[in-house]
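# Structural overview
Letter by letter, the chains look like this.
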Amino acid sequence: MKIMKERMDEGILVCVYYGPNGERLIQRGCKLAKMLDCPLYILTVDPKRFDDLDAEKTNYIARWKEIAEQHGADAFILKDDEKRPVHKVIAEVAREKKVTQIVIGQTAQSLWEQIAKGSIINSLLKEIPFVDLHIISIARYLKNPDRHYEKGIRAYLVKEDDHYRIIFNHTKDVEFEGIFFKELGTDFNNGVFKFISGTETVQVQVNEDIVHSLTNVEMDTSVDDKDDFL
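We now turn to the structure provided with this report. Everything numeric in this text was worked out from a predicted model, so none of it was measured.

### Examining the nonpolar core
If you look at the biggest cluster of nonpolar residues, it comprises 23 residues, and the most contacted ones within it are Ile12, Val14, Ile26, Leu40, Ile42 and Trp64. Secondary structure elements with two or more residues in this core: strand 1 (12-15), helix 1 (21-36), strand 2 (40-45) and helix 2 (55-70). Not counting residues within four places of it along the chain, the set of residues in contact with Ile12 comprises Gly29, Leu32, Ala33, Leu36, Cys38, Pro39, Leu40, Tyr41, Val99, Gln101 and Val103. Among the nonpolar cores identified, the runner-up in size contains 19 residues, and Cys15, Val45, Ile102 and Ile128 belong to it.

### What to know about the packing of aromatic side chains
In this structure the tally under the stated criterion is 8 aromatic pairs. Taking 5.9 Å as the distance between ring centres and 65° as the angle between the ring planes, the aromatic pair formed by Tyr164 and Phe176 counts as edge-to-face. A residue pair is termed long-range when its members are at least 10 positions apart, and Tyr164 in strand 7 (residues 163-167) and Phe176 in strand 8 (residues 174-182) qualify at 12 residues. The same class applies to Tyr164 and to Phe176, which are both buried. An aromatic cluster is defined as three or more aromatic residues linked by ring pairs; in this entry it consists of Tyr17, Tyr18, Tyr60 and Trp64. Between Lys159 and the ring centre of Tyr164, over which it is positioned, the NZ or CZ distance is 4.6 Å.

### Things to note about the pattern of salt bridges
With the rule as written, the count across this model stands at 13 salt bridges. Between Arg63 and Glu66 there is a salt bridge, and its shortest N-O distance comes to 3.1 Å. Here Glu66 and Arg63 lie together in helix 2, a separation of 3 residues that amounts to about one turn. A relative accessible area of 31% means that Arg63 is categorised as partly exposed. Residue Arg154 pairs with Glu177 through a salt bridge whose shortest N-O separation is 2.4 Å. With Arg154 in strand 6 (residues 153-160) and Glu177 in strand 8, this residue pair connects regions lying 23 residues apart in the sequence. Overlapping salt bridges bring together Lys79, Glu82, Arg84 and Glu92 as one network.

### Focus on the environment of Ile135
For Ile135, the location among the structural elements is in strand 5 (residues 132-136). On the basis of relative accessible area, Ile135 is assigned to the partly exposed category, the value being 23%. Once the C-alpha coordinates of Ile135 and Ile121 are considered, the two residues, 14 residues apart in sequence, prove to be 8.6 Å apart.

### A few points about helix 3 (residues 86-96)
Along helix 3, the residues that are buried comprise His87, Val89, Ile90, Ala91, Val93 and Ala94. Buried residues belonging to helix 3 abut strand 1, strand 2, strand 3 (75-79), strand 4 (101-105) and helix 5 (120-127). Positive phi appears at Lys98, one or two residues downstream of helix 3, with a value of about 55°.

The rules behind these values
Residues numbered from 1 in each chain as written. Predicted model: local features only at pLDDT ≥ 70, side-chain atom pairs only at ≥ 80, totals over all residues. Heavy atoms only, no water. Core = buried A, V, L, I, M, F, W, Y, C linked by side-chain atoms within 4.5 Å. Buried < 20%, exposed > 50% of the residue type's maximum accessible area, 1.4 Å probe, protein only. Helix = DSSP H or I, 4+ residues; strand = E, 2+ residues; numbered from the N terminus. Contact = heavy atoms within 4.5 Å. Phe/Tyr/Trp six-rings, centres within 6.5 Å; stacked < 30°, edge-to-face > 60°. Lys NZ or Arg CZ within 6 Å of the ring centre and 35° of its normal. Salt bridge = Lys/Arg side-chain N within 4 Å of Asp/Glu carboxyl O.

What follows is the structure, given as structure tokens:
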């Protein structure tokens, strides 16, 4: 039996997509909902049918559902086989659930892409102007039970033969921009590079300046309290 929330004039909607940033967004939304004692909804949107999703994506969804239940969310909403623009779907759910605040991750679009195509944030502001948006940046801290990392710094990947090299100054050859988390106690650039590819947040291993594979590595993220809403 669900516990009736005190504040029914407020509602929180957390929008998540595949990648390690999803859990962080849900945790932020849970904190907000607890502070306001109001309904909490978790939403993910995918153009594919659920039955057609690969194992990695279904694992993310299962984990998000588990977290939603642990935190007493009122509903986990999966909009699969969805052909409409994402901002249209988010706006529809926000209206249906009478949401007043939305938590969403920082987009990967560059300024020029936003000018040319329009960002999802700008589209949401036009679609539902009276809803507050909380835009959460990519975490600047990583923590793992076995290894620790320095605070993240801006870095870039450039292609070299069958691998990528990490650099710290932007050039015309840059293929990916992101944040590099260097392992503590090493003189070399070993650690994790975190970036956004398409709509997914990806973390890849860096060994002595080189990224041999863009395969996502699973790591726990730890967020400092000062890294707050933008």
